[in-house]
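Analysis of the macromolecular model
Spelled out, the chains give:
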Amino acid sequence: MKISILTLFPEMFSVFDHSIIGRARENNLIDLDLLNIRDYTLSKHKKVDDYPYGGGPGMVMAPQPIVDCIRAAKETNKGKVVFLGPRGKTFNQELAKELCTEENLVFLCGHYEGIDERVYKHIDMEISLGDFVLTGGEMAAIPVIDCILRLIPGVLGKEESFMEESFYNGLLEYPQYTRPEEFEGGKVPEILLSGHHENIRKWRRLQSLKITKRNRPDLYKNIILTKEDVKILKADKNNI
């Protein structure tokens, strides 16, 4: 997958030079291209913003630098243009799974009081992280892009590993333990030491169901319980 990022602060994306994403880039599994919007302004003073018509606080990103930057990105990346903004669909794991199937994506990071409305005709999708305010679109783009890229086959090393993580199947993840077996009075559950893989699988599923119901009832109400889910939940209730 190729991702082009249109931003006023390319240096903020150095986070993708490290860890899992950094290794995936070294192995040519993904291609990240950074374009500085300021490089495309026609202003001799390199301005990319101006006062809003009609008055009001703050500044608005001007259309010309953004649109020219999008056009430059499109020369090598024909993917959808995704804007990180407050009007967009709230980002979640389902949307990440949808976007990870794209061969190319272009992410536009806004700043100040937003972008000139006339830029929207060049945008295919708008994404929001939630009902709160961030300093700029870069802050939203980083987790969105990271979430999408780790779903690309081969990026995590074991392609199936993300399938056990929180939200992938609509549930929060089950509890995890590592050595030592006992720490400050807390012991690893006996079932995880049993070596019985089927019982461990069922225990983990039960814990995911219980944790999601307790911590995120909004997610739990959308879960379609399988016959096995009903059975293990009933067995757990009978053992209380």
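Up top is the structure.
Before going into details, it helps to say that this report is about the structure given with it. The structure presented is a predicted model; accordingly, all values stated were derived computationally and were not measured.

1. Some points on the packing of aromatic side chains
Under the defined criterion, the tally for this structure stands at two aromatic pairs. Taking the centre distance of 6.3 Å and the plane angle of 20° together, the rings of F13 and F16 count as stacked. Taken individually, F13 and F16 each receive the classification buried, so the pair is uniform in this respect. Taken together, a centroid distance of 5.9 Å and an interplanar angle of 90° make the contact between F83 and Y120 edge-to-face. Note that F83 is positioned in strand β5 (residues 80–90) and Y120 in the loop between β6 (104–109) and β7 (125–128), a separation of 37 residues in sequence. Note on accessibility: F83 and Y120 belong to one class, buried.

2. Things to note about unusual backbone geometry
Cis peptide bonds are those with omega within 30 degrees of zero, and the linkage from R179 to P180 qualifies with 5°. Within the secondary structure layout, P180 lies in the loop between α4 (137–149) and β8 (182–183). Residue K46 is not a glycine yet carries a positive backbone phi of 65°. K46 sits in the partly exposed class, given a relative accessible area of 40%.

3. Regarding the nonpolar core
Residues I3, F107, I127, I148 and L149 are the most contacted members of the largest nonpolar core, which totals 31 residues. Listed by contribution, the elements that provide at least two residues to this core are β1 (2–7), α1 (19–26), β5, α3 (93–99), β6, β7 and α4. No other element matches α4, which puts seven residues into this core. Setting aside residues up to four positions removed in sequence, L149 forms contacts with M1, I3, I21, I30, L32 and V155. In terms of nonpolar packing, the next biggest core, distinct from the first, is built from 20 residues, L8, V48, A72 and A73 among them.

4. Structural notes on α4
Taking 1.5 Å of rise per residue, the 13 residues of α4 would be expected to cover 18 Å, and the 18 Å separating its terminal C-alpha atoms lies within 8% of that figure. Residues G137, E138, A140, A141, V144, I145, C147, I148 and L149 constitute the buried set of α4.

The rules behind the values
Residues numbered from 1 in each chain as written. Predicted model: local features only at pLDDT ≥ 70, side-chain atom pairs only at ≥ 80, totals over all residues. Heavy atoms only, no water. Phe/Tyr/Trp six-rings, centres within 6.5 Å; stacked < 30°, edge-to-face > 60°. Buried < 20%, exposed > 50% of the residue type's maximum accessible area, 1.4 Å probe, protein only. Helix = DSSP H or I, 4+ residues; strand = E, 2+ residues; numbered from the N terminus. Core = buried A, V, L, I, M, F, W, Y, C linked by side-chain atoms within 4.5 Å. Contact = heavy atoms within 4.5 Å. Expected span 1.5 Å × (residues − 1).

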